[in-house]
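Take a look at the letters that make up each chain.
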Amino acid sequence: MKFGLRYCNVGRFVDPAKAVELVQAAEEAGFESAWTVEHTVVPAGYASQYPYSTTGRMGPRDDMPIPDPLIWMSYIAAATSRIKLATGILILPQHNPVITAKQVATLDAMSGGRVLLGIGVGWLEEEFATIGAPFAERAARTDEYVAVMRALWGMESPTFHGEFFDFENAYCLPQPPGGSVPIIVGGHSKAAARRAGRLGDGFFPARETREDLIELARGTAAEHGPDPADLEITISVPSDLDALDHLANLGVARVLVPVSPFPGMGAPVDTPEEALAWKSRIERYADA
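Quick notes on the rules
- Residues numbered from 1 in each chain as written.
- Predicted model: local features only at pLDDT ≥ 70, side-chain atom pairs only at ≥ 80, totals over all residues.
- Heavy atoms only, no water.
- Helix = DSSP H or I, 4+ residues; strand = E, 2+ residues; numbered from the N terminus.
- Buried < 20%, exposed > 50% of the residue type's maximum accessible area, 1.4 Å probe, protein only.
- Contact = heavy atoms within 4.5 Å.
- Areas by Shrake-Rupley, 256 points an atom, 1.4 Å probe, with all protein chains shown as cover.
- Core = buried A, V, L, I, M, F, W, Y, C linked by side-chain atoms within 4.5 Å.
- Salt bridge = Lys/Arg side-chain N within 4 Å of Asp/Glu carboxyl O.
- pLDDT = per-residue confidence, 0-100.
- 1 Å grid on protein atoms, 1.4 Å probe; cavity = no way out; pocket = protein on both sides within 12 Å on 5 of 7 lines; lining within 4 Å.
- Points joined across faces, edges and corners; volume = space filled by probe spheres on them.
- Nonpolar A, V, L, I, M, F, W, Y, C, P; charged D, E, K, R; others polar.
- Axes fitted to C-alpha atoms, helices over the stretch in contact; angles between N-to-C directions.
- Parallel < 35°, antiparallel > 145°, perpendicular 65-115°, else oblique.
- Left-handed = near helix turned anticlockwise from the far one by under 90°.

(A) Highlighting the overall build of the protein. Looking only at helices and strands, one finds 10 helices and 10 strands in the protein. In the protein, buried positions account for 51% of the 288 residues. Look at the contacts in the protein between residues 6 or more apart in sequence, and 67% of them connect residues 24 or more apart. Carbon together with sulfur atoms contributes 53% to the accessible area of the protein, which is approximately 12,600 Å² in total.

Written out as structure tokens, the structure reads:
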């Protein structure tokens, strides 16, 4: 079982020095990955319901600094050597997939193949409107954008003909050193679980350990050809660490520990020293 840190690019870790300190400490402690979040804009007073809190609000205030995850990860990549750098999640239908493929492949190549691309369809309709991305098409665009990026990353002469994008022999170099970048589908819905099974290399069922969604994702993977055992499952750390044995038996591959305080996110790890204190817990459950 691998352990990662979550919400690394918000809160106190907006500060570049504190961000580097945290992730270097995490790398030294044995954490496998550092995960970021994304919101390009948060329109004040939004009416959309945030799905992961009882209040329907994402945080205590709308004007929270949230650095761009790919740029934040690039900065951190230069100050680390082993830890993987992940988006958890990138709101894919808000991005041009050709440009995103270029950015992600470049970061993956320059960091030595350390990028994990977590994606989701998004929930904040007002943000889509501000960006000029169609909210109603976000699911269909997400599916196609994954195919576009994989074509650009893996084909010798990338060619794609879809509903939203169409190109022939479009070189997009450098390509990722491993031939692709792992795509981990995040979300709390059955649609997200099915998308992970159809298109993903992994599934991250948001805040809770939803065994029903994990089984749905694996069942969908079996229907579409890949070995469902190859679908890597990532979850948030449970409040009871004794549950890790059960999660390991479920085939959970990665557990994420939150580092910034938000409603419903559990106790934060606010300093590098506290991050290092988790090392003993990781070692305690290393055989799980």
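Having seen the model, we can carry on.
(B) Highlighting the nonpolar core. In this structure, Leu5, Phe31, Leu117, Trp153 and Phe203 are the most contacted members of the largest nonpolar core, which totals 61 residues. With 11 residues, the next largest nonpolar core counts Val10, Val42, Tyr46 and Trp123 among its residues.

(C) Examining unusual backbone geometry more closely. In the segment running from glycine 88 into isoleucine 89, the intervening peptide bond is cis, with an omega of 15 degrees. Within the secondary structure, isoleucine 89 is located in strand 3 (residues 84–91). The omega angle of the peptide bond from leucine 173 to proline 174 is 5 degrees, so this bond is cis rather than trans. Counting through the fold element by element, proline 174 comes out in the loop between strand 6 (166–167) and strand 7 (183–186). In this structure, tyrosine 7 is a non-glycine residue whose phi angle is positive, near 65 degrees. Mapped onto the fold, tyrosine 7 is located in the loop between strand 1 (2–6) and helix 1 (16–29). Of note in this structure, asparagine 169 is not a glycine but carries a positive phi near 50 degrees.

(D) Examining the pattern of salt bridges more closely. Counted under the stated rule, the structure contains 11 salt bridges. Between arginine 141 and glutamate 137 there is a salt bridge whose closest N-O contact spans 2.7 Å. Judged by its relative accessible area of 16%, arginine 141 is buried. Classification of glutamate 137 by relative accessible area gives partly exposed; the value is 32%. Across the pair arginine 254 and glutamate 232 runs a salt bridge whose closest N-O atoms are separated by 3.0 Å. Of the two residues, arginine 254 is situated in strand 10 (residues 252–258) and glutamate 232 in strand 9 (residues 232–236); the sequence distance between them amounts to 22 residues. When its relative accessible area of 1% is taken as the criterion, arginine 254 is described as buried. Exposure remark for glutamate 232: the relative accessible area of 22% places this residue in the partly exposed category.

(E) Structural context of the confidence of the model for the protein. In the predicted model, the protein carries a mean pLDDT of 90, and 90% of its residues have values of at least 70. Contacts of residues 263–268 to residues separated by more than four positions or lying in other chains number 15 contacts, the stretch itself having pLDDT below 50.

(F) Broad picture of the side chain of threonine 100. Mapped onto the elements, threonine 100 comes out in helix 3 (residues 97–110). Once residues within four sequence positions are removed from consideration, threonine 100 is found in contact with Leu90, His95 and Met149.

(G) Summary view of the layout of surface pockets. By volume, the largest pocket is sized at about 710 Å³. Taken together, 37 residues line the largest pocket, and the ones lying closest to its centre are Pro51, Tyr52, Ile89, Gly122 and Trp123. Of all elements in the fold, only strand 3, strand 4 (115–120), helix 5 (138–154), strand 7 and helix 6 (190–199) reach the threshold of two or more residues within the lining of the largest pocket. Residue classes in the lining of the largest pocket are distributed as 23 nonpolar, 9 polar and 5 charged.

(H) Fine view of the packing of helix 3 against helix 5. Running from N to C, helix 3 and helix 5 point in directions that differ by 50 degrees, and their axes come no closer than 9 Å. Taken as axis vectors, helix 3 and helix 5 run oblique relative to one another. Our pair here, helix 3 against helix 5, has a crossing hand that is right-handed. In this structure, helix 3 contributes Pro97, Val98, Thr100, Ala101, Val104 and Ala105 to the contact, and helix 5 contributes Tyr145, Val148, Met149, Leu152 and Trp153. Residue classes in the contact of helix 3 with helix 5 are distributed as 10 nonpolar, 1 polar and no charged.

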